[in-house]
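Chain and residue survey
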Amino acid sequence: MTIRAGVVAVQGDVSEHADAIRRAAASHDETADVVEIRHSGAVPDCDILLLPGGESTTISRLLRDEGIAPEITEHVAAGKPVLATCAGLIVASTDPNDDRVDSLGLIDVTVERNAFGRQKDSFEAPLDVTGLDEPFPAVFIRAPLIDSVGDAEVLAEWDGRPVAVRDGPVVGTSFHPELTDDARIHDLAFFESEVANVVSDLG
Ligand code: GLN
């Protein structure tokens, strides 16, 4: 079966996510047809969606200006999976704690942008993630922290603070799972959960 995967490409990293999605799909003997989302009209054809890192203020503005934002909301309302990473998590949150971010309200969390400091404070850490047998090598780059969690499940914590969460079909991470050759977070978000049944039903 071929899954159509949309990677939001208005700004931020795309190709690493496309590779990770293809690898995660291949581990389930499936193929992913990856499309880059820059304008409205493409999201409705996607089975899974990825909101990458970048700059959350810019991404949220472009999503709104291009008319992509309501399409993502409808995708989630239909129970289809989304993985939102770093700036993507900020954009997906219910409260980005910053008026310049017009968030999508998909993950019931309050976030703090740039909570780990500046670019030079980027780091990698092994994380225990619910659903993964071995720690995941998480790369944090000017990452947000999750301040408070409403109706969402915490999947991983760093230093006692949540850094990965699931709210229904949407998984959000503070870190960049695409920057290692480990595709297990993409696998977890798209193929290894009850929402994976939605993906298989689409086939
Ligand atoms: N600092 C960025 C923001 O607040 C996120 C950084 C990233 O996605 N790597 O939007």
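Scroll up for the structure.
As a starting point, this report considers the structure included with it. (Residues numbered from 1 in each chain as written. Predicted model: local features only at pLDDT ≥ 70, side-chain atom pairs only at ≥ 80, totals over all residues. Heavy atoms only, no water.)

Re the site of the ligand
Around the ligand, the surrounding shell consists of Gly53, Gly54, Glu55, Ser56, Cys86, Ala87, Ile90, Arg113, Asn114, Ile141, Arg142 and His176. A distance of 3.0 Å separates an oxygen atom of the ligand from a polar atom in the backbone of Gly54. One of the backbone nitrogen or oxygen atoms of Arg142 is found 3.1 Å away from a nitrogen atom of the ligand. Bound to the protein, the ligand loses 96% of the 300 Å² it would expose on its own. More than half of the atoms belonging to the ligand lie within 2 Å of the grid points that define the largest pocket. (Near = heavy atom within 4 Å. Polar contact = N/O pair within 3.5 Å; in protein donor to acceptor, adjacent residues only side chain to side chain. Areas by Shrake-Rupley, 256 points an atom, 1.4 Å probe, with all protein chains shown as cover. 1 Å grid on protein atoms, 1.4 Å probe; cavity = no way out; pocket = protein on both sides within 12 Å on 5 of 7 lines; lining within 4 Å. Sits in = over half its atoms within 2 Å of the grid points.)

Regarding the pairing of strand β11 (residues 161-167)
Burial within β11 is extensive, with six of its seven residues counted as buried. As paired strands, strand β10 (residues 153-158) and β11 are joined by five bridges and run antiparallel to one another. Bridging from a neighbouring strand, Val154 pairs with Val165 of β11. The antiparallel hairpin formed by β10 and β11 contains two residues in its connecting segment, where Asp159 sits at a positive phi of about 55°. Of the pairings in the sheet, the one linking β11 to strand β12 (residues 170-173) comprises four bridges and is antiparallel in character. Bridge pairing in β12 links Arg166 to Val171. (Buried < 20%, exposed > 50% of the residue type's maximum accessible area, 1.4 Å probe, protein only. Helix = DSSP H or I, 4+ residues; strand = E, 2+ residues; numbered from the N terminus. Pairing = 2+ DSSP bridges.)

Quick word on the environment of Asp102
Within the secondary structure layout, Asp102 lies in the loop between β5 (93-95) and β6 (107-112). A relative accessible area of 35% means that Asp102 is categorised as partly exposed. Put simply, Asp102 and Ile59 are 43 residues apart on the chain and 9.1 Å apart in space, counted from C-alpha to C-alpha. Leaving out residues up to four positions away in the same chain, Asp102 has contacts with Ser60 and Arg64. Among the polar contacts listed, one links the side chain of Asp102 to the side chain of Arg64, at a separation of 3.0 Å. (Contact = heavy atoms within 4.5 Å.)

Looking at the sheet that holds β5
Sheet architecture is open: three strands sit in the order β5-β6-β9, paired in mixed fashion. Each end of this open sheet is capped by a strand with a single partner; those strands are β5 and β9 (145-149). Each neighbouring strand pair of the sheet contributes to a mean axis angle of 55°, computed without reference to strand direction. Here β5 runs beside β6; their pairing, made up of two bridges, is parallel. The residue of β6 that forms the bridge with Ser93 is Ile107. (Axes fitted to C-alpha atoms, helices over the stretch in contact; angles between N-to-C directions.)

A few points about the sheet that holds strand β3 (residues 48-51)
Spatially, the seven strands line up as an open sheet ordered β2-β1-β3-β4-β12-β11-β10, and their pairing is mixed. Two strands lie at the open edges of the sheet, namely β2 (31-37) and β10, each paired on one side alone. Averaged over all adjacent pairs, the angle separating strand axes in this sheet is 20°, with direction ignored. Strand direction decides the pairing type here: strand β4 (residues 82-85) and β12, joined by four bridges, are parallel. Counted as the bridge partner of Leu83 is Val171 from β12. Most of the contacts of helix α3 (residues 69-77) go to β3, to which it runs at about 130°, and overall it touches β1 (2-8), β3, β4 and β12.

A closer look at helix α1 (residues 15-26)
In this model α1 runs 16 Å from its N-terminal to its C-terminal C-alpha over 12 residues, within 8% of the 16 Å that 1.5 Å per residue would give. Listed as buried for α1 are His17, Ala18, Ala20, Ile21, Ala24 and Ala25. One face of α1 carries all of its buried residues, which in axial projection span an arc of 165°. Considering only its buried residues, α1 is in contact with β1, β2, β3, β4 and α5 (184-190). (Expected span 1.5 Å × (residues − 1). Arc of directions from axis to C-beta.)

Regarding the packing of aromatic side chains
In the structure shown here, the tally under the stated rule is five aromatic pairs. Ring centres of Phe190 and Phe191 lie 6.4 Å apart, and the angle between their planes is 80°; on these two criteria the pair is classed as edge-to-face. The class for Phe190 is buried, based on a relative accessible area of 0%. The class of Phe191 is buried, set by a relative accessible area of 10%. Chaining the aromatic ring pairs together yields one cluster made of Phe123, Phe136, Phe140, Trp158 and Phe175. (Phe/Tyr/Trp six-rings, centres within 6.5 Å; stacked < 30°, edge-to-face > 60°.)

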